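Commentary on secondary and tertiary structure
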Amino acid sequence: MSTEPPRAVLERLRAVDWYGDWDMANGHSRSRALLMREYLRRAALWAQAYGAEEEWPFFDVTEFVDPAFRLDPEVESELEDYLAHNVGTPSTARTCRGAVRWAALRAGGKAALPELPDLPDPYEPLLLMYGRGGGYSIEEFIDLYGVMIPYGNFESNLDAEPFPTPAPSTLDALDAGAVGRITYYAKISEGYPRSSPRGILRRRLVGREAETHDEAFTRNLHWEPTEYLRLYELGHNDVDHVQISEREAAAFIESTVKRLSGSR
């Protein structure tokens with residue numbers, strides 16, 4: 001069994017500042033919330049596939065995929081020592097352990113690997129989230145140390161809109177200047193449907209007075225002020241638009257970054 005993949009995950013965990021960098025957690029609160037929601041969705045899919053609904057959401061998938069699996073003793077010793085001294089909440093430690101064990105199981109080779117359903121990696125969203133501001137704690141809500149999100153229920157997470165784990169540049173764009181209550185829009189017209197719009201915008205309502213800030217994601221690959229929505233409301237703009245989800249906005253940002261970065 002190769003120890004490189006589980007060690008690589010362990011190194012990602014070692015790079016996390018679990019409970020110290022509050023500014024980082026706050027600055028990445030939107031992407032962290034999206035990543036946690038995507039983990040909840042994926043965990044529900046795996047729990048359904050292996051009859052682990054009662055263990056959802058924070059559990060070790062490998063225990064159900066291959067109950068006889070054992071981690072390399074040296075890697076396990078390093079992992080447990082790290083968790084004991086750095087990761088304070090049992091739930092977070094359980095998912096860290098699960099991520100390392102999952103990487104080790106996948107590295108075992110096809111001969112040793114049980115037949116798996118065609119499901120997305122269960123732990124990658126959490127690993128990305130940890131790297132963007134640390135862990136979480138759980139009570140009535142999930143506290144991401146910058147934003148609190150509800151669990152939802154098993155069925156609602158099972159049916160949630162997918163959020164493919166994107167590049168860090170996409171997550172950074174979602175977080176950039178993301179202050180206030182945000183609504184996203186896609187500019188649509190003939191030949192530019194919702195799934196492939198002309199562009200996207202966001203409206204941010206900031207503070208008690210709901211001060212309005214309208215911004216477009218531009219070819220410069222960041223958010224810039226726009227008059228589009230104001231002009232549309234005044235009847236001076238023929239290009240239509242439709243409200244979209246944050247996940248749809250992320251998909252547009254991802255494709256735009258890839259397209260324009262490749263042409264530069």
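Residues numbered from 1 in each chain as written. Predicted model: local features only at pLDDT ≥ 70, side-chain atom pairs only at ≥ 80, totals over all residues. Heavy atoms only, no water.

Regarding the nonpolar core
With 66 residues, the main nonpolar core has Met-36, Tyr-130 and Ile-200 as its most contacted residues. Ranked by residue count, the leading element in this core is helix α3 (residues 29-49), at eleven residues. Apart from residues no more than four positions distant in its own chain, Tyr-130 is found in contact with Leu-13, Val-16, Trp-18, Arg-32, Thr-92, Thr-95, Cys-96, Gly-135 and Tyr-136. Counting six residues, the second-largest nonpolar core is a separate cluster that includes Tyr-185, Leu-201, Ala-216 and Val-239. (Core = buried A, V, L, I, M, F, W, Y, C linked by side-chain atoms within 4.5 Å. Buried < 20%, exposed > 50% of the residue type's maximum accessible area, 1.4 Å probe, protein only. Helix = DSSP H or I, 4+ residues; strand = E, 2+ residues; numbered from the N terminus. Contact = heavy atoms within 4.5 Å.)

Describing the pattern of salt bridges
All told, the structure shown has 20 salt bridges when counted by the stated rule. Here Glu-215 ties to Arg-202 by a salt bridge, and the two come within 2.6 Å at their closest N and O atoms. Taken together, the residues span a long stretch of sequence, with Glu-215 in strand β6 (residues 211-217) and Arg-202 in strand β5 (residues 199-206) at a distance of 13 residues. Across the pair, Arg-202 and Glu-215 agree in class, each one buried. The partner of Arg-230 in a salt bridge is Glu-227, and the shortest N-O contact between them spans 2.5 Å. (Salt bridge = Lys/Arg side-chain N within 4 Å of Asp/Glu carboxyl O.)

A short note on the packing of helix α1 (residues 4-14) against helix α5 (residues 73-86)
One can describe the packing of α1 onto α5 by two numbers: an axis separation of 11 Å at closest approach and a directional angle of 15 degrees. With respect to α5, the axis of α1 lies roughly parallel. In this structure, α1 crosses over α5, and the sense of that crossing is left-handed. Together, Pro-6, Arg-7, Leu-10, Leu-13 and Arg-14 of α1 and Glu-74, Val-75, Glu-78, Leu-79 and Tyr-82 of α5 make up the contact between the two elements. Here the residues of the contact of α1 with α5 sort into six nonpolar, no polar and four charged. (Axes fitted to C-alpha atoms, helices over the stretch in contact; angles between N-to-C directions. Parallel < 35°, antiparallel > 145°, perpendicular 65-115°, else oblique. Left-handed = near helix turned anticlockwise from the far one by under 90°. Nonpolar A, V, L, I, M, F, W, Y, C, P; charged D, E, K, R; others polar.)

Side note on the packing of aromatic side chains
Considering all chains together, one arrives at 13 aromatic pairs under this definition. Residues Trp-22 and Tyr-145 carry aromatic rings whose centres are separated by 5.6 Å and whose planes lie at 85 degrees to one another, so their mutual orientation is edge-to-face. Here Trp-22 is found in helix α2 (residues 22-27), whereas its partner Tyr-145 is found in the loop between β2 (142-143) and β3 (148-149), with 123 residues between them in sequence. Judged by its relative accessible area of 44%, Trp-22 is partly exposed. Looking at Tyr-145, the relative accessible area reads 14%, which means it is buried. When the centroid spacing of 5.6 Å and the interplanar angle of 90 degrees are considered together, the rings of Trp-56 and Phe-154 count as edge-to-face. Linking Trp-56 in the loop between α3 and α4 (62-65) with Phe-154 in helix α8 (residues 154-158), this pair joins segments that are 98 residues apart in sequence. For Trp-56, a relative accessible area of 13% translates into the label buried. Owing to a relative accessible area of 14%, Phe-154 belongs among the buried residues under this scheme. (Phe/Tyr/Trp six-rings, centres within 6.5 Å; stacked < 30°, edge-to-face > 60°.)

Describing the pairing of β6
The pairing of β5 with β6 spans six bridges and is classified as antiparallel. Among the inter-strand pairings, Arg-204 is bridged to a residue of β6, identified as His-213. Linkage of β5 to β6, two consecutive antiparallel strands, is achieved through a turn of four residues, within which Gly-207 is found at a positive phi near 80 degrees. Counting the residues between successive antiparallel strands, the hairpin from β6 to strand β7 (residues 223-225) contains five residues, one of them, Leu-221, with a positive phi of roughly 65 degrees. (Pairing = 2+ DSSP bridges.)

Thoughts on a negative patch on the surface
Where like charges cluster on the molecular surface, the negative patch consists of Glu-53, Glu-54, Glu-55, Glu-63, Glu-155 and Asp-159. With a relative accessible area of 47%, Glu-63 lands in the partly exposed category. (Patch = residues over 30% accessible without salt bridge, like charges linked within 9 Å, V, L, I, M, F, W, Y side chains within 5 Å. Areas by Shrake-Rupley, 256 points an atom, 1.4 Å probe, with all protein chains shown as cover. Lys, Arg positive; Asp, Glu negative; His and termini not counted. Charge placed at Lys NZ, Arg CZ, Asp CG, Glu CD.)

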